Amino acid sequence: MKGLCGRFVKAPVLFLLVFMIFSLSLTRLPFYVSASDEASSAIGEADNDLRRAFEAVLEAESVGANVSGLIARLNEAGELLAEAEIADKIGSFSEAVSKAEQCSVLADGVMDEAITLKGEVLAGAQIAFWQDLTVTAMGSAVFLVAMFFVWGWFKRAYAKKLLRMKLEVASDVEA
Amino acid sequence: MLKLEDYRTVFASVGLIGVLLFASPTLGLVLHLPSGEKFSELWVLGPGHMAEDYPFNVGADVNYLVYVGVGNHMGCSAYYVVYVKFRNQSESLPNATAGTTSPLPPLFEFRLFVEDGKSWEAPLRFSFSNVSFFGDRCLVGSLMINGVTFNVDKSASWDVENNGYYYQLFMELWIYNVESRAFEFHNRFVGLWLNMTSV
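As the structure is a prediction and not an experimental result, all values here were calculated from the model. Residue positions within a chain follow its written sequence, with the count starting from 1. Throughout, the order in which chains and ligands are written sets their labels, letters from A for the former and numbers from 1 for the latter. Only residues with pLDDT of at least 70 get local features here, since the model is predicted, and only at 80 or more are side-chain atom pairs given and counted; chain-wide, interface and lining totals rely on the full set of residues.

Q: What am I meant to see in the overall build of chain B here?
A: Labels follow the DSSP assignment, with helices taken as runs of H or I lasting at least four residues and strands as runs of E lasting at least two, numbered in each case from the N terminus. Summing up its helical and strand segments, chain B has one helix and 10 strands in all. Here chain B has a C-alpha radius of gyration of 27 Å; the compact-globule value for 199 residues is 16 Å, and the former is much larger. Three exposure classes are used, all based on how many other C-beta atoms lie within 10 Å of a residue's own C-beta (placed from the backbone): buried at 20 or more, exposed at 12 or fewer, and partly exposed between those limits. Within the span of chain B, comprising 199 residues, buried residues form 26% of the whole. When contacts within chain B are restricted to residue pairs at least 6 apart in sequence, long-range pairs at least 24 apart make up 62% of them. What the globule rule says is 2.2 Å times the number of residues to the power 0.38, and the radius of gyration is computed from C-alpha atoms. We call two residues in contact when their backbone-placed C-beta atoms lie within 7 Å.

Q: Just checking my understanding: could you explain the overall build of chain A for this structure?
A: In terms of regular secondary structure, chain A is built from three helices and zero strands. Going residue by residue from the N terminus, the α and β elements of chain A occur as α-α-α. Looking at the 175 residues of chain A, the share that counts as buried comes to 24%. Once local pairs closer than 6 in sequence are excluded, the contacts in chain A between residues at least 24 apart make up 76%.

Q: Just checking my understanding: could you explain the interface of chain B and chain A for this structure?
A: Reports of interface size often rely on the accessible area that becomes lost once the parts have come together. On the chain A side, the residues contacting the 26 residues of chain B number 32 residues. For the side of chain B that touches chain A, the elements supplying multiple residues, two or more each, are α1 (4–30) and β5 (108–114) of chain B. When residues of the side of chain B that touches chain A are assigned to their parent elements, the largest contribution, 12 residues, is made by α1(B). Of the residues in the side of chain B that touches chain A, the class split is 18 nonpolar, four polar and four charged. Asp, Glu, Lys and Arg are counted as charged, while Ala, Val, Leu, Ile, Met, Phe, Trp, Tyr, Cys and Pro are counted as nonpolar; the rest, among them Gly, fall into the polar class.

Q: Any chance you could explain the pairing of strand β3 (residues 64–73) of chain B here in plain terms?
A: On any regular strand, side chains alternate: one points to one face of the sheet, the next to the other face. All names here are of chain B. Note on pairing: two strands pair once DSSP finds at least 2 bridges between them. Of the strand pairs in this sheet, strand β1 (residues 39–45) and β3 are connected by seven bridges, and their pairing is antiparallel. Across the sheet, S40 pairs through a bridge with N72, a residue of β3. Strand direction decides the pairing type here: β3 and strand β6 (residues 119–134), joined by eight bridges, are antiparallel. Within β6, the position partnered with Y64 by the bridge is F126.

Q: Can you help me understand the domain arrangement of chain B in this one?
A: Assigned domains within chain B: domain 1 (1–33) and domain 2 (39–198). Domain boundaries shown here were taken from an automatic or database domain assignment. Domain 1 of chain B and domain 2 of chain B are separated by 57 Å when their C-alpha centres are compared.

Q: Honestly, unusual backbone geometry in this entry has me stumped. Any pointers?
A: Outside of glycine, negative phi angles account for most residues, and trans bonds account for most peptide bonds. All names here are of chain B. With phi around 60°, H49 is a residue other than glycine that occupies positive phi space. You can see H49 is positioned in the loop between β1 and β2 (57–59). Residue class for H49 comes out exposed when judged on the 12 C-beta atoms lying within 10 Å of it.

Q: What is the right way to look at the packing of helix α3 (residues 93–164) of chain A against α1(B) in this model?
A: The description of two packed helices rests on the angle between their axes and on the distance between the axes. Where helices are involved, their axes are fitted lines through C-alpha atoms of the stretch in contact, as for all axes, and angles between N-to-C directions lie from 0 to 180°. Two elements in contact, α3(A) and α1(B), have axes separated by 9 Å at closest approach and are oriented at 170°. Classified by the interaxial angle, the pair formed by α3(A) and α1(B) is roughly antiparallel. Residue composition of the contact of α3(A) with α1(B), grouped by class: 18 nonpolar, six polar and two charged. Throughout this description, any angle smaller than 35 degrees is read as roughly parallel, any larger than 145 degrees as roughly antiparallel, any in the 65 to 115 degree range as roughly perpendicular, and the remainder as oblique.

Q: Whenever I open this one, the nonpolar core confuses me. Can you help?
A: The nonpolar side chains of soluble globular proteins are, as a tendency, buried together. Each nonpolar core comprises buried Ala, Val, Leu, Ile, Met, Phe, Trp, Tyr and Cys residues, the members being joined through C-beta atoms within 7 Å. Core analysis: the largest hydrophobic core is formed by 70 residues, its most contacted members being A53(A), V57(A), C103(A), V110(A), Y80(B) and V82(B). The leading source of residues in this core is α3(A), at 11 residues.

Q: Explain the confidence of the model for chain A here, please?
A: Low-pLDDT portions of the prediction should not be read for the details of their coordinates. Confidence scores per residue from the predictor, reported as pLDDT, run from 0 to 100. Mean pLDDT for chain A: 85, with 81% of residues reaching 70 or above. Looking at the elements of chain A, mean pLDDT is at its lowest for helix α1 (residues 2–62) of chain A, recorded as 77, and at its highest for helix α2 (residues 68–89) of chain A, recorded as 96.

Q: Sorry, what's going on with the packing of α2(A) against α3(A) here?
A: Residues and elements named next belong to chain A. Relative to each other, α2 and α3 sit at 160°, their axes nearing to 8 Å. Taken as axis vectors, α2 and α3 run roughly antiparallel relative to one another. Considering how the two elements wind past one another, α2 and α3 form a crossing that is left-handed. Across the interface between the two elements, L70, R73, L74, E76, A77, L80, L81, E83, A84, A87 and D88 of α2 pack against F93, E95, A96, K99, A100, Q102, C103, L106, A107, V110, E113 and A114 of α3. Tallied by class, residues from the contact of α2 with α3 come to 15 nonpolar, one polar and seven charged. Less than a right angle of anticlockwise turn of the near helix away from the far helix marks a crossing as left-handed, whereas a clockwise turn marks it as right-handed.

Q: For this particular structure, what's the right way to read the confidence of the model for chain B?
A: With 99% of its residues at a pLDDT of 70 or more, chain B has an overall mean of 93. Across the interfaces of the predicted complex, the ipTM metric reaches 0.84, alongside a pTM of 0.77.

Q: Help me understand the pairing of strand β4 (residues 78–88) of chain B in this model?
A: All names here are of chain B. Of all 11 residues in β4, nine are buried, a share of seventy percent or more. Bridge analysis of β4 against β5 gives seven bridges, and the strand direction is antiparallel. Within the sheet, the bridge partner assigned to Y83 lies in β5 and is E109.

Q: Sorry, what's going on with the environment of Y67(B) here?
A: Residues and elements named next belong to chain B. Along the polypeptide, Y67 turns up in strand β3. Since 16 C-beta atoms lie within 10 Å of it, Y67 is described here as partly exposed. C-alpha separation for the pair Y67 and A122, spaced 55 residues apart in sequence, amounts to 5.6 Å. What Y67 contacts, discounting residues up to four positions off in sequence, is V44, L45, H49, E121, A122, P123 and L124.

Here it is, written out as structure tokens:
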């Protein structure tokens, strides 16, 4: 009687346990999938941010800015993105998201600085260009005027020299 | 004695040279001379930062160290990715002639930015574990690179000619193309031949 009663009690408990395990496995699967998706999305965003930051740095460099500091920070961001990719590959999704987010923050900062630096360098370059152009124009004009005066003086000296020349008649020239 | 017309030509030439000299700073800003050949370098050095003492006969649970380096001569800063891959003798390497990459998935990666004329170098520490030998085959279960363990499960057959179970750890260089906004295989790769000798 006692054994039968125990069996009746055990059956629902067993069923409940199996049901709970099954439910848990079902609920865990979406969590796993969403964690993986979140990591992939964060990595994709960080990758995009890093590319845009690099393009901004490249533009700053093309106008003559010193980008050594920005390149060093891009390397830090690149290291974080590589770590995020590796963490994602081995299934450490939370670490991947964290590293990717850190990378995005760093890359955004670099991009802002690169844009500011480019603006500053362009403004400075414009002033330098006009200064160079003024020096070129003034210098060339002064030089040409000086050359003109030297040429005038030389022409006069040349004429005087010609006038001072004596006529020489060769005695042994046959007519 | 030169004629006056000849002196005039000399003066005109000196005047033109002088004007060009005065204009050279401005011309330098406007005119850009063509740069030299554009290329990148990829290298692997031994543990002493020299091209010697490379690991060759390797075993399980032993740490090995090499240095991976990249040099930039592209005329501007460049964004590179170095993919670290692991293969046995039957798997394909990148094809330098066709400019195609190895189809193997990368295990580890370095992302780096290098200014023109500068170089970058990083340590690559690796070790093997879960190595087993059966018959004329060797199986490498795991490969740890810079502290990250990857399950590789890669087998190699006994190489009769060279007497060993040969694997290759190799690196591919990829570069970011700003125009296409994508990474492209830069047709540079280097590798280390490794002979698995002990468990």
